[in-house]
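For reference, the chains in residue letters:
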Amino acid sequence: MKTLHPAASPQQPAGMSLVELLVVIAIIGILAALTLPAISKVADSATATATSANLITFTKAFRAYEKLEKQWPPDALLGNLPAGIGMEDYISETAFESETSIGGFFNWEGPEAHEYAGVSIEGSSAPVELVTRIDEIVDDGNLSTGQFRQTPNGRYTYIIEWNDY
């Protein structure tokens, strides 16, 4: 049997060439470019769902208060629950008074100060597409109509009830 002398064996490449490395980097870049929009869409959907859940929870709490007390709570300052009436028995102060997942703060808009009773979001920096997604979850998907809309004061408001007076 014939054996090859070590000097006669083919040489193994030492590693990747620069061209191969650039091709791998280009492929990773293309895959990342294709994946990032999908990840962003999922993140926006989660944000819209979280904000919608809070709006619904807060709305139910204010409705429960109105049913038990036979009146709506008084209007409150931005980012604060109405003071001195026991709303913290219905809503976590921390949840209501923290910044929303779309920026800005929740606000109770009482019917003595507005033509409606509702929970609004003031100071949000979210793009209109994201706020419209919230509207699709809680209402009709149109920020000009329905219960969730942009009110004349510029806030996005979930209107619970319009004033009768």
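Scroll up a little and you will see the structure.
Calculation rules
- Residues numbered from 1 in each chain as written.
- Predicted model: local features only at pLDDT ≥ 70, side-chain atom pairs only at ≥ 80, totals over all residues.
- Heavy atoms only, no water.
- Core = buried A, V, L, I, M, F, W, Y, C linked by side-chain atoms within 4.5 Å.
- Buried < 20%, exposed > 50% of the residue type's maximum accessible area, 1.4 Å probe, protein only.
- Helix = DSSP H or I, 4+ residues; strand = E, 2+ residues; numbered from the N terminus.
- Contact = heavy atoms within 4.5 Å.
- Pairing = 2+ DSSP bridges.
- Axes fitted to C-alpha atoms, helices over the stretch in contact; angles between N-to-C directions.
- Phe/Tyr/Trp six-rings, centres within 6.5 Å; stacked < 30°, edge-to-face > 60°.
- Salt bridge = Lys/Arg side-chain N within 4 Å of Asp/Glu carboxyl O.

**Some points on the nonpolar core**
Turning to step 1, where the next piece is worked out: Core analysis: the largest hydrophobic core is formed by 28 residues, its most contacted members being L55, F62, I91, F96, W108, V119 and F148.
Turning to step 2, where the next piece is worked out: Contributions of two or more residues to this core are made by α1 (18-69), β1 (105-109), β2 (116-122), α3 (128-138) and β4 (156-162).
Turning to step 3, where the next piece is worked out: Other than its neighbours up to four places away in sequence, W108 contacts F62, W72, P73, P74, D75, A76, P82, F96, A117, G118, V119 and I160.

**Re the sheet that holds β4**
Turning to step 1, where the next piece is worked out: Spatially, β1-β2-β4-β3 is the arrangement adopted by the four strands of the open sheet, whose pairing is antiparallel. Bordering the open sheet on either side are β1 and β3 (148-150), each of which pairs with just one other strand. Averaged over neighbouring strand pairs, the angle between their axes works out to 30° when direction is ignored.
Turning to step 2, where the next piece is worked out: With three bridges connecting them, β3 and β4 associate as antiparallel partners. Bridge assignment links Q150 to a residue of β4, and that residue is Y156.
Turning to step 3, where the next piece is worked out: With respect to the sheet, α1 is in contact with β1, β2, β3 and β4, its orientation differing from that of β2 by roughly 150°.
Turning to step 4, where the next piece is worked out: Along the sheet face, α3 touches β3 and β4 and points at about 150° away from the line of β3.

**Notes on the packing of aromatic side chains**
Turning to step 1, where the next piece is worked out: Following the criterion strictly, the structure yields nine aromatic pairs and no others.
Turning to step 2, where the next piece is worked out: Measuring from centroid to centroid gives 4.9 Å for F58 and F106, while their planes differ by 85°, and the two rings are edge-to-face. Here F58, found in helix α1, pairs with F106, found in strand β1; they are 48 residues apart in sequence, far enough to count as distant.
Turning to step 3, where the next piece is worked out: An aromatic cluster is built from F58, F62, W72, F96, F106 and W108, whose rings are joined through pairwise contacts.

**Comments concerning the pattern of salt bridges**
Turning to step 1, where the next piece is worked out: Inspection of the entire model under this criterion finds four salt bridges.
Turning to step 2, where the next piece is worked out: For K67, the salt bridge identified is with E66, shortest N-O distance 3.7 Å.
Turning to step 3, where the next piece is worked out: Classification of K67 as exposed rests on a relative accessible area of 58%.
Turning to step 4, where the next piece is worked out: Here the salt bridges do not stand alone but share partners, grouping E109, E122 and R155 into one network.

**Comments concerning the side chain of T59**
Turning to step 1, where the next piece is worked out: Topologically, T59 is positioned in helix α1.
Turning to step 2, where the next piece is worked out: Leave out the neighbours within four places in its chain, and T59 touches V119, Y158 and I160.

Treat this as a map of the structure, not an account of what it does.
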